[in-house]
Amino acid sequence: MTHSNLLIVGLGNTLMADDGLGIEVVRRLSARPLPEGLRVEEAGSDVLVLAGLWQGEREVWFVDALLGSDPVGSIQELDHEKLLALPQRHATTHQL
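Residues numbered from 1 in each chain as written. Predicted model: local features only at pLDDT ≥ 70, side-chain atom pairs only at ≥ 80, totals over all residues. Heavy atoms only, no water.

(A) Quick look at helix H1 (residues 21–30). Along H1, the positions that sit buried rather than exposed are Gly22, Ile23 and Val26. Buried residues along H1 cover an arc of 100 degrees about the axis, so they all sit on one side. Turning to H1, the residues buried within the fold contact strand S1 (6–11), strand S2 (38–44) and strand S3 (59–63). (Buried < 20%, exposed > 50% of the residue type's maximum accessible area, 1.4 Å probe, protein only. Helix = DSSP H or I, 4+ residues; strand = E, 2+ residues; numbered from the N terminus. Arc of directions from axis to C-beta. Contact = heavy atoms within 4.5 Å.)

(B) Up close: the pattern of salt bridges. Summed over the entire model, instances satisfying the criterion amount to four salt bridges. Where Glu24 meets Arg28, a salt bridge forms, and the shortest distance between an N and an O atom there is 2.7 Å. Here the residue Glu24 and the residue Arg28 both occupy positions in helix H1, the gap between them amounting to four residues, near one helical turn. For Glu24, a relative accessible area of 35% puts it in the partly exposed group. (Salt bridge = Lys/Arg side-chain N within 4 Å of Asp/Glu carboxyl O.)

(C) Representation of the side chain of Arg39 in the model. Mapped onto the fold, Arg39 is located in strand S2. For Arg39, the side chain forms a polar contact with the main-chain oxygen of Leu53, separated by 2.6 Å. Engagement of the side chain of Arg39 in a polar contact is seen with the side chain of Glu57, the distance being 2.8 Å. Once you skip the residues sitting within four places of it in the chain, Arg39 turns out to touch Ser4, Leu6, Leu7, Ile8, Leu53, Trp54, Gln55 and Glu57. (Polar contact = N/O pair within 3.5 Å; in protein donor to acceptor, adjacent residues only side chain to side chain.)

(D) Up close: a nonpolar patch on the surface. A cluster of nonpolar side chains, contributed by Trp54, Val60 and Phe62, occupies part of the molecular surface with about 300 Å² of accessible area. Relative to the assigned elements, Trp54 resides in the loop between helix H2 (50–53) and S3. (Patch = residues over 30% accessible without salt bridge, like charges linked within 9 Å, V, L, I, M, F, W, Y side chains within 5 Å. Areas by Shrake-Rupley, 256 points an atom, 1.4 Å probe, with all protein chains shown as cover.)

(E) Layout of the sheet that holds S3. Here we have three strands laid out as an open sheet, ordered S2-S1-S3, and parallel in their pairing. The two strands at the open ends of the sheet, each matched to only one other strand, are S2 and S3. Within this sheet the neighbouring strands show an average axis-to-axis angle of 20 degrees, counted without direction. The pairing of S1 with S3 spans five bridges and is parallel. Its bridge partner lying in S3, Gly10 is registered against Val63. (Pairing = 2+ DSSP bridges. Axes fitted to C-alpha atoms, helices over the stretch in contact; angles between N-to-C directions.)

Structure follows, in C-alpha coordinates:
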(Lines give C-alpha, C1' and ligand atoms only; values in the text may rest on other atoms or scores of the structure.)
Protein backbone atom coordinates (compact mmCIF):
# COMPACT_ATOMS: atom_id res chain seq x y z
CA MET A 1 0.00 0.00 0.00
CA THR A 2 1.39 3.40 -0.93
CA HIS A 3 1.04 6.23 1.53
CA SER A 4 0.30 9.87 0.97
CA ASN A 5 3.04 12.31 1.79
CA LEU A 6 0.69 14.72 3.54
CA LEU A 7 -2.54 14.38 5.49
CA ILE A 8 -4.50 17.56 6.25
CA VAL A 9 -7.03 17.12 9.07
CA GLY A 10 -9.81 19.64 9.67
CA LEU A 11 -10.82 20.08 13.29
CA GLY A 12 -13.76 21.95 14.73
CA ASN A 13 -17.47 22.12 15.34
CA THR A 14 -19.54 23.57 12.50
CA LEU A 15 -22.35 24.39 14.94
CA MET A 16 -20.09 26.80 16.82
CA ALA A 17 -19.51 29.56 14.22
CA ASP A 18 -15.81 30.07 13.51
CA ASP A 19 -14.87 26.89 15.40
CA GLY A 20 -15.89 25.07 12.19
CA LEU A 21 -13.01 26.64 10.25
CA GLY A 22 -10.94 23.45 9.98
CA ILE A 23 -13.91 21.48 8.68
CA GLU A 24 -14.69 24.15 6.08
CA VAL A 25 -11.09 24.19 4.86
CA VAL A 26 -10.95 20.43 4.24
CA ARG A 27 -14.41 20.44 2.65
CA ARG A 28 -13.27 23.08 0.18
CA LEU A 29 -10.07 21.18 -0.52
CA SER A 30 -12.07 17.97 -1.04
CA ALA A 31 -14.19 19.71 -3.68
CA ARG A 32 -11.08 20.22 -5.83
CA PRO A 33 -8.77 17.78 -7.54
CA LEU A 34 -6.04 17.07 -5.01
CA PRO A 35 -2.40 16.66 -5.98
CA GLU A 36 -0.96 13.18 -5.76
CA GLY A 37 0.31 12.49 -2.27
CA LEU A 38 -2.23 14.72 -0.50
CA ARG A 39 -5.15 13.41 1.51
CA VAL A 40 -7.69 15.43 3.52
CA GLU A 41 -9.97 14.27 6.33
CA GLU A 42 -12.53 15.77 8.69
CA ALA A 43 -12.06 14.98 12.36
CA GLY A 44 -14.79 17.22 13.75
CA SER A 45 -14.38 17.89 17.43
CA ASP A 46 -13.57 14.29 18.40
CA VAL A 47 -9.78 14.31 18.52
CA LEU A 48 -9.79 10.67 19.59
CA VAL A 49 -10.37 9.71 15.94
CA LEU A 50 -7.04 11.25 14.89
CA ALA A 51 -5.00 8.08 15.35
CA GLY A 52 -7.42 6.18 13.11
CA LEU A 53 -7.10 8.76 10.33
CA TRP A 54 -3.32 8.49 10.03
CA GLN A 55 -2.26 6.00 7.38
CA GLY A 56 1.49 6.44 7.47
CA GLU A 57 1.73 9.93 5.96
CA ARG A 58 5.09 11.62 6.45
CA GLU A 59 3.43 14.84 7.60
CA VAL A 60 0.11 15.60 9.24
CA TRP A 61 -1.24 19.15 9.31
CA PHE A 62 -4.13 20.16 11.53
CA VAL A 63 -6.39 23.06 10.58
CA ASP A 64 -8.31 24.53 13.48
CA ALA A 65 -9.52 27.85 14.84
CA LEU A 66 -7.28 29.30 17.52
CA LEU A 67 -8.00 32.00 20.06
CA GLY A 68 -5.08 34.39 20.12
CA SER A 69 -3.95 37.96 19.88
CA ASP A 70 -3.39 37.99 16.11
CA PRO A 71 -6.00 39.63 13.85
CA VAL A 72 -8.97 37.49 12.82
CA GLY A 73 -8.09 35.47 9.73
CA SER A 74 -4.39 35.24 10.54
CA ILE A 75 -2.67 31.98 9.77
CA GLN A 76 -0.23 30.55 12.28
CA GLU A 77 2.13 27.65 11.79
CA LEU A 78 2.77 25.87 15.07
CA ASP A 79 5.32 23.11 15.41
CA HIS A 80 5.05 20.55 18.20
CA GLU A 81 6.91 22.67 20.76
CA LYS A 82 4.89 25.83 20.05
CA LEU A 83 1.64 23.90 20.20
CA LEU A 84 2.45 22.42 23.60
CA ALA A 85 3.47 25.85 24.92
CA LEU A 86 0.04 27.40 24.23
CA PRO A 87 -1.67 28.45 27.47
CA GLN A 88 -4.76 26.42 28.34
CA ARG A 89 -7.47 28.29 30.22
CA HIS A 90 -9.76 25.31 30.72
CA ALA A 91 -9.94 21.64 29.87
CA THR A 92 -11.10 21.03 26.31
CA THR A 93 -10.58 18.42 23.65
CA HIS A 94 -8.07 20.84 22.09
CA GLN A 95 -5.63 19.93 24.87
CA LEU A 96 -5.39 16.41 23.52
